[in-house]
Amino acid sequence: MPSALFVLMLLAALCSLGCAMSRDEKLKLRNQVVEMFDHAYQNYMDHAYPADELMPLTCRGRVRGLEPSRGDVDDALGKFSLTLIDTLDTLVLLNKTAEFEAAVRRVLSDVRLDNDIVVSVFETNIRVLGGLLGGHSMAVMLKEEGQHMRWYQDELLHMAKDLGLRLLPAFNTSSGLPYPRVNLKYGVRGPESRTGTETDTCTACAGTIILEFAALSRFTGDPVFEAHARRALDFLWEKRQRNSNLVGTTINIHSGEWVRRDSGVGAGIDSYYEYLLKAYVLLGDEQFLQRFNIHYASIMKYISQPPLLLDVHIHKPLLPARTWMDSLLAFFPGLQVLKGDIRPAIETHEMLYQVTKKHNFLPEAFTTDFRVHWAQHPLRPEFAESTYFLYKATGDPYYLEAGRTIMDNLNRFARVPCGFAAMKDVRTGSHEDRMDSFFLAEMFKYLFLLFADPEDLRFDVEDYIFTTEAHLLPLSLSTTPHVSSVPPNQTIPQVEQEELDDSNFDWTCPNTRLLFPDPAFPRNLREPIRSAVDRSCPRPAPYREPGMGAPPLRAQDFMANNPEHLELLRRMGVSLIHLKDGRVQLVQHATQAVSPIAAEDGVRFMQEMMELSSQQQKEQLPPRAIQIVSHPFFGRVVLTAGPAQFGTDLSKSATGVRGFVTVAEPYTGCGEITNGEEVQGHIALLQRGQCMFAEKARHIQKAGAIGGIVVDDNEGSSSDTAPLFQMAGDGRSTDDIALPLLFLFHKEGNILLEALKEYRQVEVLLGDKARDRGEGADVREAEEDCQTEATSPTASESEATTTTSGKDGDASPTGGEDVGPAEDVGPAEADAPKADGGEEEEQRVDGAGRSADRLLADWRDDLEAFRQMEKDEL
């Protein structure tokens, strides 16, 4: 028996190093991918079509203008059945030809492209134009086979050209860079267009056009589209920083000046690099490869710090621009595979995989020590994309297991009855009511291909290039005549000819068999990275220089209405903003201080403000989760909830509080509960208003409730658009309150109310985060992750902030902050308690509460940048 046990242990150890997955197991996973796709696609068609996207929590379509605005995110929606068009070629890849034919007929009969609506040029190009061209490519392929689409007469291509012509007015600028938005009916700059006043665009927005526009030109024979796309790329190349050969994140479309000079491979730049390399693959123009190779050398010199990819300043590329990474850079290992640089691809992918295993999904942004920075995850496919390409390059079954992990987490944490819901917070497992079109366009393509054998596919994917939205364009387009953007009598400038010497470049990808003579080589690269991520928590406090002396103004002495104090703040780089509600906001820019010493004083002042806040306010609590565990939800719907400063601390409960929901009478909970028999032993549902939160809790507790949920009475409020707050007490002892009380905004509360109307008996679990979910499975405690830092997104400049109550000048700051998906640190809020007229007191809750020392680490980077720029003016 001991020898048999030893053999089993040895086999397990060997398989953990990379056992080949059996064909039966791959078939099972491939079929599971198809089932998951069917669940998402059919729910879109049943509950959302012809709307642009599915809202999987409320089982309805997202129609722009009928739902609360989400800002720039909504610019992808144009009332053109976005998800259906984005999914066309996915249907063919997954061998759903009948569904594809039906979908094409729906697009031709139902979709209009002349809507009076302002859309993103970038998103419309990659999703809609790319979707139409990918669908056209598949339709032509199927028609040539002779069994399907025999009626097809290039109708999708005609729609694609119509859309291309509607996007062209955006390119009417002196630089050739497109406006970021265009009105599909009226173009730009006209009085009816409601757009054309923008001055800035992101590098990726202007540089991710060439594949779709060139394909459209070569399919139709009209060179105008490719010419405009080439002109935009030429301008970006000319505006690169010539010393570092890097590009910034945001550029002025008229002057060509860089608005944001931070450079990386994530949000704002990512697909610009991708399209340079893929334009060479698709079009055969060596100029694109030459430019890509020059950029790539600089990326590996300055941005790549294996396994990390960190943003730098384009003028000072040795100076880091931030201490966190965004999830969009997860595409880069896949691009490195296409380049042929496999080693750093393995290293970065492994880092991303370990972060994924730590948090179940890649957070929208995470720090250099792998903590959550932005807690959202909108079901992005970039990590799956890189996993597929690395498996193609290495054949290592390790990447099949990574794909299995992606699928398991999607089914365990994101699957809901009406599709798959984006994660609002990877720490708690709460959901957001969105399922973006790219989830169907990309995720299922890469997962299916990962587990598919060549005989499982109707066509050879090697004959196609994937766009950034994973749409399929045939490589045969490279043989189609085109008009060059450089006139025949014009040559590349001499300096560029020298810079693009052919001897500097590798023109072929390396043979992976020669690259990996030892099968254990990829594993040997992964092991140190896995260990580094495992050791990353907690992060030690940053070093603080001794003997700096006291700042000229102490936080406890600050008065917002004192002119001398305001002048001292200005000198320290701290500005003051008066808010409409009477509060004031402090914003600190180290680079705006009069000297490095003054900037250091400002950093310490802001730190004191946060320390003072922690003394004045009770400990900030992270958000909580309300998980619907009864039929037919089975734990798959999770709502983000605000905590209370009193009652049961759910973070200290191993199991949470589980019970059926009953609406209290009166609904406000501000008097004796009249349906006490129904409330007893249940979780009471209450409406906000008319009395304090603590009073509501006491009334339902007296009635025998085991917990309470307060729903906001402000119609339309949502955790998508408003920061959560923690419910405060009523100014006296709340030690008598022993049950948990959680707060839901109106939108999330309506999800619970609708469930009650339809199913009558609804059971929920109140907890600090979602437990494992699955049909018929017991909800169990998930493994604790080392997750401490998280913030809620807004768009803002790089800054450190704190908010004070401006009515009497007393400081009441907070140590939290809001940040945006493509920006640096932004402002945080702390509302003064409201106790007017017997209303509830409320106190804003930070996403997780960054410590002063953590913020100081970021501010010191800014301070160092200030000192460097003072020595050597840019």
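See the structure above.
Residues numbered from 1 in each chain as written. Predicted model: local features only at pLDDT ≥ 70, side-chain atom pairs only at ≥ 80, totals over all residues. Heavy atoms only, no water.

Engineer: Got a sec to walk through helix H8 (residues 210-220)? Specific residues and values, please.
Structural biologist: Taken across its 11 residues, H8 has nine buried, putting it largely inside the fold. For H8, the set of buried residues is Ile210, Leu211, Glu212, Phe213, Ala214, Ala215, Leu216, Ser217 and Arg218. After H8 finishes, the residue glycine 221 shows a positive phi value of roughly 80 degrees. (Buried < 20%, exposed > 50% of the residue type's maximum accessible area, 1.4 Å probe, protein only. Helix = DSSP H or I, 4+ residues; strand = E, 2+ residues; numbered from the N terminus.)

Engineer: Outline the pairing of strand E25 (residues 657-663), supporting the account with residue identities and numerical values.
Structural biologist: In the sheet, E25 pairs with strand E30 (residues 763-767) via four bridges, with the strands oriented antiparallel. Note on E30: the bridge partner recorded for phenylalanine 660 is glutamate 763. (Pairing = 2+ DSSP bridges.)

Engineer: Explain the packing of helix H15 (residues 398-414) against helix H16 (residues 437-451) to me, using residue names and the numbers behind them.
Structural biologist: At a minimum axis separation of 10 Å, H15 and H16 run at an interaxial angle of 140 degrees. As the angle between them shows, H15 and H16 are arranged oblique. As H15 packs across H16, the resulting crossing turns out to be left-handed. Across from Tyr399, Leu400, Gly403, Arg404, Ile406, Met407 and Leu410 in H15, the residues of H16 making contact are Phe439, Met443, Leu447, Leu450 and Phe451. Of the residues belonging to the contact of H15 with H16, the class tally is 10 nonpolar, one polar and one charged. (Axes fitted to C-alpha atoms, helices over the stretch in contact; angles between N-to-C directions. Parallel < 35°, antiparallel > 145°, perpendicular 65-115°, else oblique. Left-handed = near helix turned anticlockwise from the far one by under 90°. Contact = heavy atoms within 4.5 Å. Nonpolar A, V, L, I, M, F, W, Y, C, P; charged D, E, K, R; others polar.)

Engineer: A description of the pattern of salt bridges should follow, citing residues and the corresponding values.
Structural biologist: Scanning the entire structure with this criterion turns up 47 salt bridges. A salt bridge links arginine 698 to aspartate 736; the shortest N-O distance between them is 2.8 Å. Here arginine 698, found in helix H23 (residues 693-702), pairs with aspartate 736, found in the loop between strand E28 (725-727) and strand E29 (741-744); they are 38 residues apart in sequence, far enough to count as distant. Judged by relative accessible area, which is 40%, aspartate 736 ranks as partly exposed. Here the residues in one salt-bridge network are Glu53, Arg70, Asp74, Glu123 and Arg127, joined through shared partners. (Salt bridge = Lys/Arg side-chain N within 4 Å of Asp/Glu carboxyl O.)

Engineer: Give a description of the nonpolar core that names residues and reports values.
Structural biologist: Within the largest apolar cluster, 171 residues are counted, with the highest numbers of intra-cluster contacts made by Phe100, Tyr273, Leu410 and Phe420. In terms of residue count, the dominant contributor to this core is helix H5 (residues 121-145) (11 residues). When near neighbours in sequence (up to four residues on either side) are disregarded, leucine 410 contacts Met36, Phe361, Leu379, Arg415, Phe420, Phe439, Met443 and Leu447. One finds Leu57, Val416, Val711 and Leu756 within the second-largest nonpolar core, a separate group that totals 26 residues. (Core = buried A, V, L, I, M, F, W, Y, C linked by side-chain atoms within 4.5 Å.)

Engineer: Any chance you could break down the sheet that holds strand E24 (residues 637-641) for me, citing the residues and the numbers?
Structural biologist: Here we have seven strands laid out as an open sheet, ordered E24-E23-E30-E25-E26-E27-E29, and mixed in their pairing. In this open sheet, the two strands that pair with only one neighbour each are E24 and E29. With direction set aside, neighbouring strand axes in the sheet form an average angle of 30 degrees. Across five bridges, the pairing between strand E26 (residues 683-687) and strand E27 (residues 707-711) is parallel. For leucine 685, the partnering residue across the bridge sits in E27 and is isoleucine 709. In this fold helix H24 (residues 746-759) packs onto strand E23 (624-628), E24, E25, E26, E27, E29 and E30, with an angle of close to 105 degrees to the strand it touches most, E29.

Engineer: Quick one: what's the story with the pairing of E30, residue by residue and with numbers?
Structural biologist: In terms of residue burial, E30 counts as a mostly covered element, since five of its five residues are buried. Relative to E30, E23 runs antiparallel, the two being bridged by four bridges. Note on E30: the bridge partner recorded for isoleucine 628 is valine 764.

Engineer: Kindly report on the sheet that holds strand E7 (residues 258-260), identifying the contributing residues and their values.
Structural biologist: Think of a sheet as strands paired side by side through backbone hydrogen bonds, with each pair either parallel or antiparallel. With respect to topology, three strands assemble into an open sheet ordered E5-E6-E7, the strand pairing being antiparallel. At either margin of the open sheet sits one strand with a lone partner, and together these are strand E5 (200-202) and E7. The sheet shows a mean angle of 35 degrees between the axes of neighbouring strands, direction not considered. Examined bridge by bridge, E5 and strand E6 (residues 250-252) share three bridges and lie antiparallel to one another. The partner of cysteine 202 across the bridge, within E6, is threonine 250.

Engineer: Outline unusual backbone geometry, supporting the account with residue identities and numerical values.
Structural biologist: Note on backbone geometry: most residues besides glycine have negative phi, and most peptide bonds are trans. The linkage connecting tyrosine 49 with the following residue, proline 50, adopts the cis geometry, with an omega of 10 degrees. Mapped onto the secondary structure, proline 50 falls in the loop between helix H2 (23-47) and strand E1 (53-55). Here glutamate 665 and proline 666 are connected by a cis peptide whose omega angle stands at 0 degrees. As for its position among the elements, proline 666 is in the loop between E25 and helix H22 (676-679). Look at asparagine 245: it is not a glycine, yet its phi comes out positive at around 55 degrees. Within the fold, asparagine 245 resides in the loop between helix H9 (224-238) and E6.

Engineer: Let's hear about the state of the cysteines: which residues, and what values?
Structural biologist: All told, the structure shown has three disulfides when counted by the stated rule. For cysteine 59, the disulfide goes to cysteine 418, at an S-S distance of 1.9 Å. Taking the sign of the S-S torsion, about 100 degrees here, the bridge from cysteine 59 to cysteine 418 comes out right-handed. Of this pair, cysteine 59 sits in the loop between E1 and strand E2 (60-62) while cysteine 418 sits in the loop between strand E15 (415-416) and strand E16 (419-420), placing them 359 residues apart in sequence. Sulfur-sulfur distance for the disulfide between cysteine 202 and cysteine 205 comes to 2.1 Å. On the sign convention where negative means left-handed, the S-S torsion of about 90 degrees between cysteine 202 and cysteine 205 marks this disulfide as right-handed. For the pair formed by cysteine 202 and cysteine 205, the shared burial category is buried. (Disulfide = S-S within 2.5 Å.)

Engineer: Tell me what's going on with the packing of aromatic side chains, and back it up with residues and numbers.
Structural biologist: The tally for this structure, following the rule as stated, stands at 27 aromatic pairs. An angle of 80 degrees between the planes, with centres 6.2 Å apart, marks the rings of tryptophan 151 and tyrosine 152 as edge-to-face. Given a relative accessible area of 24%, tryptophan 151 falls into the partly exposed group. Residue tyrosine 152 is classed as buried on the basis of its relative accessible area of 1%. Ring centres of tyrosine 446 and phenylalanine 466 lie 5.5 Å apart, and the angle between their planes is 55 degrees; this geometry places the pair in the tilted category. Within this pair, whereas tyrosine 446 is found in helix H16, its partner phenylalanine 466 is found in strand E19 (residues 464-466), the two being separated by 20 residues in sequence. No difference in accessibility class separates tyrosine 446 from phenylalanine 466, as the two residues are buried. (Phe/Tyr/Trp six-rings, centres within 6.5 Å; stacked < 30°, edge-to-face > 60°.)

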